[in-house]
Amino acid sequence: MLSEQIFRIQHQHPENLMARHFDAAYFNGLSPELQARLTRVIITGMQNPDSQMGAYAMNPDDYDLFQPYLDKLIRDYHGIEGELKQISNWDSDGTLDLASIDESLSNSSMRVRVGRNLSNFPLPGAMTRDHRIAFENSMIAVFKKLIANPDFGGSYISLTPGSSHEISHEQYLQLVAEHKMFKDMSADPYLSVAGISSDWPYGRGMYISADEQFIIWVGEEDHLRIMAMKCGCLLNEVFDHLHVSLDFIEAQGLVFARSEAYGYVTSCPTNLGTGMRASLHIALPRLTQNGSNVDLLKPVAKKLGLSVRGAGGEHTAAGAGGIVDLSPSARLMVSEGEIARKLYQGAKQMWALEQQG
Ligand code: DAR
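Note that this is a predicted model, so its numbers are computed, not measured. (Residues numbered from 1 in each chain as written. Predicted model: local features only at pLDDT ≥ 70, side-chain atom pairs only at ≥ 80, totals over all residues. Heavy atoms only, no water.)

Colleague: Teacher, can you tell me more about the packing of aromatic side chains here?
Modeller: Between two aromatic rings, the relevant description is the distance of the centres plus the angle of the planes. Scanning the entire structure with this criterion turns up 12 aromatic pairs. With a centroid separation of 6.2 Å and 85 degrees between ring planes, the pair formed by Phe-22 and Tyr-69 is classed as edge-to-face. One end of the pair, Phe-22, is in the loop between helix H2 (17-20) and helix H3 (24-28); the other, Tyr-69, is in helix H6 (residues 67-78), and 47 residues separate them in sequence. Taking relative accessible area as the criterion, Tyr-69 reaches 2% and is therefore assigned buried. An aromatic cluster is defined as three or more aromatic residues linked by ring pairs; in this entry it consists of Phe-143, Phe-152, Tyr-156, Tyr-207, Phe-214 and Phe-248. Above the plane of the ring of Tyr-264 lies Arg-116, whose end atom (NZ or CZ) is 3.4 Å from the centre. The aromatic ring of Tyr-202 is capped on one face by Arg-129, whose charged end is 3.8 Å from the ring centroid. (Phe/Tyr/Trp six-rings, centres within 6.5 Å; stacked < 30°, edge-to-face > 60°. Helix = DSSP H or I, 4+ residues; strand = E, 2+ residues; numbered from the N terminus. Buried < 20%, exposed > 50% of the residue type's maximum accessible area, 1.4 Å probe, protein only. Lys NZ or Arg CZ within 6 Å of the ring centre and 35° of its normal.)

Colleague: Would you mind showing me how to read unusual backbone geometry here?
Modeller: Excluding glycine, most residues fall at negative phi; most peptide bonds, likewise, are trans. Residues Trp-200 and Pro-201 are joined by a peptide bond in cis, for which omega reads 5 degrees. Along the chain, Pro-201 falls in the loop between helix H9 (189-193) and strand S3 (205-208). With phi around 50 degrees, Gln-289 is a residue other than glycine that occupies positive phi space. Relative to the assigned elements, Gln-289 resides in the loop between strand S8 (276-283) and helix H11 (298-303). Note on Gln-289: relative accessible area 48%, which makes it partly exposed. The phi dihedral of Met-333 falls on the positive side, at around 60 degrees, and the residue is not glycine. Judged by its relative accessible area of 36%, Met-333 is partly exposed.

Colleague: What is the right way to look at helix H4 (residues 32-47) in this model?
Modeller: Owing to its 3.6 residues per turn, the α-helix brings residues three or four apart onto one side. With 16 residues, H4 should cover 22 Å at 1.5 Å per step; its first-to-last C-alpha distance of 21 Å lies within 8% of that length. Considering bend angle alone, the principal kink of H4 is centred on Val-41 and spans about 50 degrees. The complete set of buried residues in H4 reads Leu-34, Leu-38, Val-41, Ile-42, Thr-44, Gly-45 and Met-46. Where H4 is buried, its residues meet helix H1 (2-12), H2, H3, helix H5 (62-65), H6 and H9. (Expected span 1.5 Å × (residues − 1). Bend = angle between axes of the 7 residues up to and from the residue. Contact = heavy atoms within 4.5 Å.)

Structure below.
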C-alpha cells in the first residue's frame, strides 16, 4: 500500500519532504484519476527515499491542483510562512564588482540560469516522445529568430535521431566535456523514475549563441534551461544579458507557465519562483582541504544562505585548487535582483572566511 510505504519513509528518511508532509486522508479523498496523477508526482520520492524534496510536477497546473499538499513541501523547503506571492524584479540596485572583493576574482566564471516551461505542453516528466519532438520543433522556430539576430547569431544542435540539426555522439560527448551540453539524465535515479529522462535522446538539444555566452538547453529537467555565462567580474553584465535575452525569446510568442503564488512553474519545487540558479566559481582551497572535501563547506555555506557544488555541477567534486560552484539557495519569494546581490555578498563572505586561515 502506498500509504504504508510512505509511512516507512517518513521514519527512515525524515528529510524526505514528500513523505514528511504526506497526508493519507487527503490522498484517499482524491478521485482515482487524481490519485493516479499525484502518484506520478511523488513516485520519485517513494523509489528514492533519500530524496530531499521527493516530488516533480508533471503538468503546469499540478501546483494549483494539489496545492493543499504540495504547498506544505514548498513552504518547508523554501522556509516561507505567510503570504506567498512571487514578484519579478531584475534591478540589482548597484554595481556588483567581484574585483572589489579581491583583484584575483576579476576573471571569475559567472553563470545565471533560469528554468522555464511552456504552458501548452505537459512538463518533462509526463511528455510522450511525440510531445518532446513537437516541443523541440516549436523551439527551433524561435532559435531561427535568435540565429538571424546579429546580437545573438549562433546555432542549434539536436540529439533527435533524424533531425536536420542532429549531431554525432562524439560531438555530443565533446559538448558535455566542455560543460556546454547537459548529460544523459537516465543516470540520475531521481529524474529517471519521474519520467523526466524518458525517450532519450528524442526532443533534446541546445541553442548556443555565436559568442557562446548564451545557451538554451531543450528537454532537460525543465522544457528550457536558459543561461547566460561569461568570465569577468561584473555580475550585472551576466544578469542583464540573461534578462535581455529572455525578453527577446518571450517576444517571439512563447508563453511560460506561471503561478500567481509560486511564480515560474518548474518541474522541481526547489526551483519555483524565479527558477533561477546564479553561480560563480571561486577557489576556496583552505575551506575545502584543497578541493578534497566540498562537503566540509556545505554547512558553513548553508548558514549564509548559500549552496556549494563541485566545479562540474550537482553531485561533483571540487575542481583543482579547491574551485567550487557557489550560489544563493533562495529561488522563491526573492527577486532576480536580490539573488544577484546575495551572490555578490556570498562570494564576499566566503572569500573572507577563506582568508582567515
Ligand atoms: N534529488 C532530488 C532533486 C533535488 C533538487 N535538484 C534538482 N531539482 N536538480 C530530490 O528531491 O532530492
